[in-house]
Amino acid sequence: MHYRIFDLAGAFIGDELNFEKNITIVVDDKNIITDIYPRSSKKGDLVAVPSLINSHIHTADYAFPEAGNGLKIEELVAPPNGLKHLLLKKTKKEQIRMARIEALKLNWTAGVFAVVDFVEGGSSAAKDARVPSMLKHIILGRPDDNDFNNGLNDLIKWADGVGVPDAFSYTIDQMRQLGLKFKGRPIFIHVSETKATHERGDYQIAMEYLKPTALVHGTHLTKEEIIDAAKSKVGIVICPRSNLWFGSGMPPVLDMLSSGVNIALGTDNAGWIKPDIWREMEMTALLLRHQDPTFNKPLEVLKMATINPARILGLGDISIKKGNFAKFLLLNAKLLAMDRAIDPAWALIKRGSAEAIVNRIGS
């Protein structure tokens with residue numbers, strides 16, 4: 001049996017991602033973590049952190065970045081007549097394909113091992129979205145009329161799950177069909193991204209008829225709705241940079257944390273928001289500090305880009321733990337000032353970047 005031995009300055013260990021200094025991690029040739037123990041030497045210059053997950057992205061619109069920046073969110077991205085959807089129809093398939101590959105590469109470079117990609121355009125677009133990629137590309141398709149006419153069989157063939165644009169793009173009966181057809185797979189839906197959709201009761205419609213795995217955005221959810229989502233074991237994927245850019249508000253992430261709901265992070269539209277989950281973590285930390293100037297739980301933010309979405313997506317336990325498959329990043333501790341930071345967890349959240357990644361283990 002061959003073993004790889006990593007002598008580290010520290011690592012974020014276990015389900016709670018607690019930071020432990022001067023750690024050795026041993027990985028066998030089956031990529032299993034066989035041991036974790038304290039080091040006698042103090043000279044390590046790398047830090048281990050679980051690999052990252054981007055839980056919400058639209059990669060196709062990376063084909064026309066920064067289009068229509070003067071438009072309101074409804075005019076820009078709302079189906080079916082928002083500028084984005086008109087451009088998706090006009091843009092050549094090969095351009096969209098190459099843009100999607102580039103967006104996935106950006107995620108890979110940033111230490112992401114899995115992305116959840118909302119793909120517009122029905123089953124044919126879901127098929128086209130299956131491009132070469134080094135990461136786990138989870139395609140959430142969106143049915144068109146033809147898919148419903150064919151009983152959704154084509155869509156479920158090419159899509160890993162379903163990504164619903166909102167609670168009003170389909171009839172109640174179609175929402176029920178989607179929920180039943182994709183049961184056991186990821187079922188995500190944009191909910192309460194804007195105040196207007198929340199006031200139309202989109203949360204209640206989604207929960208009653210679609211029965212989703214996760215809600216995306218939830219910017220205008222009430223405390224009661226967030227608690228209800230937590231009790232229903234429905235995750236919430238927040239995208240604060242997108243919400244701020246499009247002027248749709250700020251997600252009540254502090255209320256979400258206190259409710260116990262499973263929170264994940266996404267970068268949303270690659271055409272307007274750089275798909276960099278490190279920036280999303282930092283923005284989430286800033287938002288939490290804005291909502292509570294005494295907030296001091298950086299590991300909760302790290303969970304949103306690692307173990308939380310893995311649970312939502314059924315990807316298993318990706319924490320750094322004896323017996324688990326190794327799926328972690330090695331970061332340059334000095335570059336992130338973690339070698340001397342009073343709080344290494346905050347240093348990671350506020351200073352983490354793709355440039356600091358030295359190696360990827362098992363992902």
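Everything below is about the structure printed above this text.
What you see is a predicted model; the values in this text were computed from it and never measured.

K.L.:
Explain the layout of surface pockets here, please?
P.N.:
Any space left empty among the atoms is revealed by the rolling of a water-sized probe across them. The space that makes up the largest pocket amounts to roughly 710 Å³. H85, K89, E120, G121 and G122 are the residues nearest the centre of the largest pocket, which is lined by 27 residues in total. Put simply, the parts of the chain that give the lining of the largest pocket at least two residues each are helix 2 (83-90), helix 3 (93-109), helix 4 (122-128) and helix 5 (145-149). For the lining of the largest pocket, the class distribution of residues is 11 nonpolar, 7 polar and 9 charged.

K.L.:
Any chance you could explain the sheet that holds strand 14 (residues 328-332) here in plain terms?
P.N.:
Hydrogen bonds between backbone groups are what pair the strands of a sheet, and the pairing can be parallel or antiparallel. The 6 strands are arranged 3-2-1-4-14-15 in an open sheet whose pairing can be described as mixed. At either margin of the open sheet sits one strand with a lone partner, and together these are strand 3 (33-38) and strand 15 (357-361). Pairwise comparison of adjacent strand axes, ignoring direction, gives a mean angle of 35° for this sheet. Strand direction decides the pairing type here: strand 14 and strand 15, joined by 4 bridges, are antiparallel.

K.L.:
Even after reading the chapter, I still don't get the pairing of strand 3, so can you show me in this structure?
P.N.:
Each regular strand displays side chains that alternate between the two surfaces of the sheet. Here 5 bridges tie strand 2 (residues 18-28) to strand 3, and the two strands are oriented antiparallel to one another. Residue I23 lies in a different strand from strand 3, and its bridge partner there is P38. Once strand 2 ends, the chain turns through 4 residues before running back antiparallel as strand 3, passing N31 with a positive phi of about 70°.

K.L.:
Mind showing me how you'd approach the packing of helix 7 (residues 172-181) against helix 9 (residues 202-210) here?
P.N.:
For any two helices packed against each other, the geometry is given by the interaxial angle and the distance between the axes. Closest axis-to-axis distance for the helix 7/helix 9 pair is 8 Å, and the angle between their directions is 55°. In terms of orientation, helix 7 and helix 9 fall into the oblique class. Counted together, I172, M175, R176, L178 and G179 of helix 7 and I205, A206, Y209 and L210 of helix 9 form the full contact between these two elements.

K.L.:
What is the right way to read the pattern of salt bridges from this model?
P.N.:
Pairing between side chains becomes possible if they bear opposite charge and their charged atoms approach one another. The tally for this structure, following the rule as stated, stands at 12 salt bridges. A salt bridge links K321 to D15, with the shortest nitrogen-to-oxygen separation between them at 2.8 Å. Of this pair, K321 sits in the loop between helix 15 (307-312) and strand 14 while D15 sits in the loop between strand 1 (3-13) and strand 2, and the two are 306 residues apart along the sequence. Looking at K321, the relative accessible area reads 26%, which means it is partly exposed.

K.L.:
Is there a simple way to think about the sheet that holds strand 13 (residues 268-269) in this case?
P.N.:
If you walk across this open sheet you meet the 9 strands as 12-11-10-9-8-7-6-5-13, and the pairing is parallel. Lying at the two open borders of the sheet, with one neighbouring strand each, are strand 12 (263-265) and strand 13. In this sheet, strand 10 (residues 214-217) lies alongside strand 9 (residues 187-191) in parallel orientation, the contact comprising 4 bridges. Counterpart to F188 in the pairing with strand 10 is A214.

K.L.:
Even after reading the chapter, I still don't get the environment of S232, so can you show me in this structure?
P.N.:
Mapped onto the elements, S232 comes out in the loop between helix 10 (223-231) and strand 11 (235-238). Here S232 falls in the partly exposed class, since its relative accessible area comes to 38%. Each C-alpha atom, one on S232 and one on T34, is 36 Å from the other, the two residues being 198 residues apart in sequence. A polar contact of 2.9 Å, which involves the side chain of S232, links it to the backbone oxygen of D228.

K.L.:
Where do I start with the nonpolar core in this structure?
P.N.:
For soluble globular proteins, the rule of thumb is that nonpolar side chains tend to be buried together. Counting 96 residues, the largest nonpolar core has F12, F188 and L215 as its most contacted members. L8, I23, V27 and I320 belong to the second largest nonpolar core, which has 15 residues in total.

K.L.:
Even after reading the chapter, I still don't get a nonpolar patch on the surface, so can you show me in this structure?
P.N.:
On the surface, M1, Y3, I5 and Y37 cluster together into a nonpolar patch covering about 450 Å² of accessible area. Structurally, Y37 is set in strand 3.

K.L.:
What am I meant to see in the packing of aromatic side chains here?
P.N.:
For any two aromatic rings, the description comes down to two numbers: the centre-to-centre distance and the angle of the planes. Counted under the stated rule, the structure contains 6 aromatic pairs. Ring geometry for F12 and F19: centres 4.9 Å apart, planes at 50°, overall tilted. Note on F12: relative accessible area 0%, which makes it buried. By relative accessible area, which is 22% here, F19 ends up partly exposed. With 6.4 Å between their ring centres and 75° between their planes, F295 and W346 make a pair best called edge-to-face. With F295 in the loop between helix 13 (277-291) and helix 14 (298-304) and W346 in helix 16 (residues 344-351), this pair connects stretches of sequence that are 51 residues apart. Relative accessible area serves as the criterion here: at 13%, W346 is assigned to the buried category. The rings of F64, F246 and W272 are connected pair by pair, giving a single aromatic cluster. A cation over a ring is seen here: K327 above F113, with NZ or CZ 4.6 Å from the ring centre. The side chain of R360 reaches across the aromatic face of W108, ending 3.3 Å from its centre.

K.L.:
How do you make sense of the packing of helix 13 against helix 16 when you look at a structure like this?
P.N.:
Between helix 13 and helix 16, the least distance of the axes is 7 Å, while the angle of their chain directions is 115°. Seen from helix 13, the contacting residues are W278, M281, E282 and A285; seen from helix 16, they are W346, L348, I349 and K350.

K.L.:
Is there a simple way to explain helix 7 in this structure?
P.N.:
Along an α-helix, residues three or four positions apart point the same way, because every turn accommodates 3.6 residues. All of the buried residues along helix 7 are Q174, M175, L178 and G179. Viewed end-on, helix 7 has its buried residues packed into an arc of 140°, placing them on one side of the element. Taken together, the buried residues of helix 7 touch helix 5, strand 8 (161-164), strand 9 and helix 9.

Conventions we followed
Position numbers for residues start from 1 in each chain and track the written sequence from start to end. Thresholds applied to this predicted model are a pLDDT of at least 70 for local features of residues and 80 or more for the giving and counting of side-chain atom pairs; totals over whole chains, interfaces and linings are not thresholded and use all residues. In computing side-chain values, all of the structure's heavy atoms are included and hydrogens and water are not. In this analysis a 1.4 Å probe is tested at points of a 1 Å grid over the protein atoms alone, and where it fits but cannot get out there is a cavity; an open set with protein on both sides within 12 Å along at least five of seven lines is a pocket; lining residues have an atom within 4 Å of a point. Grid points are joined across faces, edges and corners, and a volume is the space filled by probe spheres set on the points. For the purposes of this entry, the term helix denotes a DSSP run of H or I that reaches at least four residues, the term strand denotes a run of E that reaches at least two, and both are numbered from the N terminus. Each residue gets one label: Ala, Val, Leu, Ile, Met, Phe, Trp, Tyr, Cys and Pro are nonpolar, Asp, Glu, Lys and Arg are charged, and the others, such as Gly, are polar. Between any two strands, at least two bridges found by DSSP are needed for them to pair. Note on method: axes are straight lines fitted to C-alpha atoms, helices fitted across the in-contact stretch only, with angles between N-to-C directions ranging 0 to 180 degrees. Our angle categories are set so that under 35 degrees counts as roughly parallel, over 145 as roughly antiparallel, 65 to 115 as roughly perpendicular, and the remainder as oblique. The criterion used for residue contact is that any of the two residues' heavy atoms lie within 4.5 Å. For this analysis, a salt bridge means a side-chain nitrogen from Lys or Arg found within 4 Å of a carboxyl oxygen belonging to Asp or Glu. Each residue gets one of three labels from its accessible area relative to the maximum for its type: buried under 20%, exposed over 50%, partly exposed in between, using a 1.4 Å probe on protein chains only. In protein, a polar contact requires one atom able to donate a hydrogen and another able to accept it; more generally it is a pair of N or O atoms within 3.5 Å, and residues adjacent in sequence count only if both atoms are side-chain atoms. The nonpolar core is taken to be a set of buried Ala, Val, Leu, Ile, Met, Phe, Trp, Tyr and Cys residues, with the residues joined through side-chain atoms within 4.5 Å. Patch membership needs two things, relative accessible area over 30% and no salt bridge, and members are linked within 9 Å if like-charged or within 5 Å if nonpolar (Val, Leu, Ile, Met, Phe, Trp, Tyr). In short, Shrake-Rupley with a 1.4 Å probe defines the accessible areas, and a residue's cover is counted only from the protein chains shown. The criterion for an aromatic pair is that two Phe, Tyr or Trp rings (for Trp, the six-membered ring) have centres within 6.5 Å, with stacked assigned to planes under 30 degrees apart, edge-to-face to planes over 60 apart and tilted to the rest. For a ring to carry a charge above it, either NZ of a lysine or CZ of an arginine must fall within 6 Å of the ring centroid while also lying within 35 degrees of the normal to the ring plane. This arc is built from the directions going out from the helix axis to the C-beta atoms.

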